[in-house]
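Spelled out, the chains give:
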Amino acid sequence: MTTTDPGTHPALLAAARAALDTYRDARAAHDRTTLAEPVATGADGTPTMYIDRLVEDAVLDALRPYRVNVLSEESGWIDNGSAVSLVIDPLDGSANGAAGVPLTAFAAAVAVDGEFTEAHTVWLDTGRSWWAHRDRPVAYRTSGRTELSGAALSLLRPHTGRPGPAAAWWAAASRAARVRILSTTCLEAALVAEGAIDAFADACSDTHRLVDLAAAAVMLPRAGGAVLDVRGRPLVFDTDLTRRWSGVVAATPELAAELADVLARAADAATPAH
């Protein structure tokens, strides 16, 4: 499940193990209705499912001995006065997990004095994992694709009620050879990093939070790819979970730039002038 690299931050490893074990226990112990029950509103303003709460609580418990700061999807910013912070999505793809769809992930990035240095993503349903450090080579590579035409593309669901994002979604999809909707950004980013998918994007809906993209921002450059925002907003460490991005994760910087341009142009053309 987890990296065996001796340089892996122990807090990162402990968090990943806690997420994997608790996710599997929760799926075995509870039915789908119980797992999907809303129990709170997370720090990002979205509903917290019972399965989210179980996994995040276990991750936070596992991190207490390390006294690192934590930015997590449900609890928000936990400041322990450390130079080291973990930006964590304990359970990405919560709706998939609650429903029994085996597409969920744990993802976290380490930031030291506000700079991302290391990341770990785990496919919770299989135990398969990806680890990266900004200063070390990785064992996986992207597909190397540079053009959107004919690409294997993964997208967030189309936001058909909003003209701009709807037009952007179809503009990208119409150029691709294949389109998938997996509903788990962190896992989709990992699949781009290892070449199974050419690119993944949020089609101008500004759905992504830092916890969705932080691990990818470390992982993709090491694998030959790129992570950017459709509107050019920098992806930087920030404890405010209300900040949003429309992330693009691609096999190469060239493909990332083309995909972002196609999305932005289509969204702008379809958005009514004020």
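Everything in this summary refers to the structure shown in the same document. Worth saying up front: this structure is predicted, and the values here are computed from it rather than measured.

What follows deals with the pattern of salt bridges. Across all of its chains, the model carries 11 salt bridges by this definition. Put simply, D229 and R233 hold a salt bridge, and the shortest N to O gap is 2.7 Å. The exposure class of D229 is buried, given its relative accessible area of 5%. Beyond isolated ion pairs, a larger network of salt bridges with shared partners links E73, R209 and D212.

All right, on to the packing of helix α5 (residues 163-173) against helix α8 (residues 253-270) then. Between α5 and α8, the least distance of the axes is 7 Å, while the angle of their chain directions is 140°. Judged by the angle between their axes, α5 and α8 are oblique. Along this stretch, α5 crosses α8, giving a crossing that reads as right-handed. Seen from α5, the contacting residues are P163, G164, A167, A168, A171 and A172; seen from α8, they are L259, V262, L263, A266, A267 and A270. Among the residues making up the contact of α5 with α8, the classes are represented as 11 nonpolar, 1 polar and no charged.

Taken as a whole, this structure holds 3 aromatic pairs when the rule is applied. When the centroid spacing of 6.3 Å and the interplanar angle of 75° are considered together, the rings of F116 and F237 count as edge-to-face. Of the two residues, F116 is situated in strand β7 (residues 115-123) and F237 in the loop between β12 (226-229) and β13 (247-250); the sequence distance between them amounts to 121 residues. F116 sits in the buried class, given a relative accessible area of 12%. Pairing W169 with W170 gives two aromatic rings, centres 4.8 Å apart and planes at 70°, and the pair type is edge-to-face. The class of W169 is buried, set by a relative accessible area of 6%. Taken together, W77, F116 and F237 form an aromatic cluster joined through their ring pairs.

A word on the environment of L63. Considering the arrangement of structural elements, one finds L63 in helix α3 (residues 50-63). Placed 201 residues apart in sequence, L63 and A264 show a C-alpha to C-alpha distance of 39 Å. Once residues lying within four places of it in the same chain are set aside, the contact partners of L63 are A11, A15, V70, L86 and I88.

On to the environment of N69, then. Tracing the sequence through the fold places N69 in strand β3 (residues 69-72). Once the C-alpha coordinates of N69 and V84 are considered, the two residues, 15 residues apart in sequence, prove to be 6.3 Å apart. Apart from the residues lying within four places of it in its own chain, the contact partners of N69 are W77, I78, D79, N80, G81, S82, V84, S85 and L86. Within the local environment of N69, its side chain forms a polar contact with the backbone nitrogen of N80, the two atoms lying 2.7 Å apart.

Here is what the cut-offs are and how they apply
Residues numbered from 1 in each chain as written. Predicted model: local features only at pLDDT ≥ 70, side-chain atom pairs only at ≥ 80, totals over all residues. Heavy atoms only, no water. Salt bridge = Lys/Arg side-chain N within 4 Å of Asp/Glu carboxyl O. Buried < 20%, exposed > 50% of the residue type's maximum accessible area, 1.4 Å probe, protein only. Axes fitted to C-alpha atoms, helices over the stretch in contact; angles between N-to-C directions. Helix = DSSP H or I, 4+ residues; strand = E, 2+ residues; numbered from the N terminus. Parallel < 35°, antiparallel > 145°, perpendicular 65-115°, else oblique. Left-handed = near helix turned anticlockwise from the far one by under 90°. Contact = heavy atoms within 4.5 Å. Nonpolar A, V, L, I, M, F, W, Y, C, P; charged D, E, K, R; others polar. Phe/Tyr/Trp six-rings, centres within 6.5 Å; stacked < 30°, edge-to-face > 60°. Polar contact = N/O pair within 3.5 Å; in protein donor to acceptor, adjacent residues only side chain to side chain.

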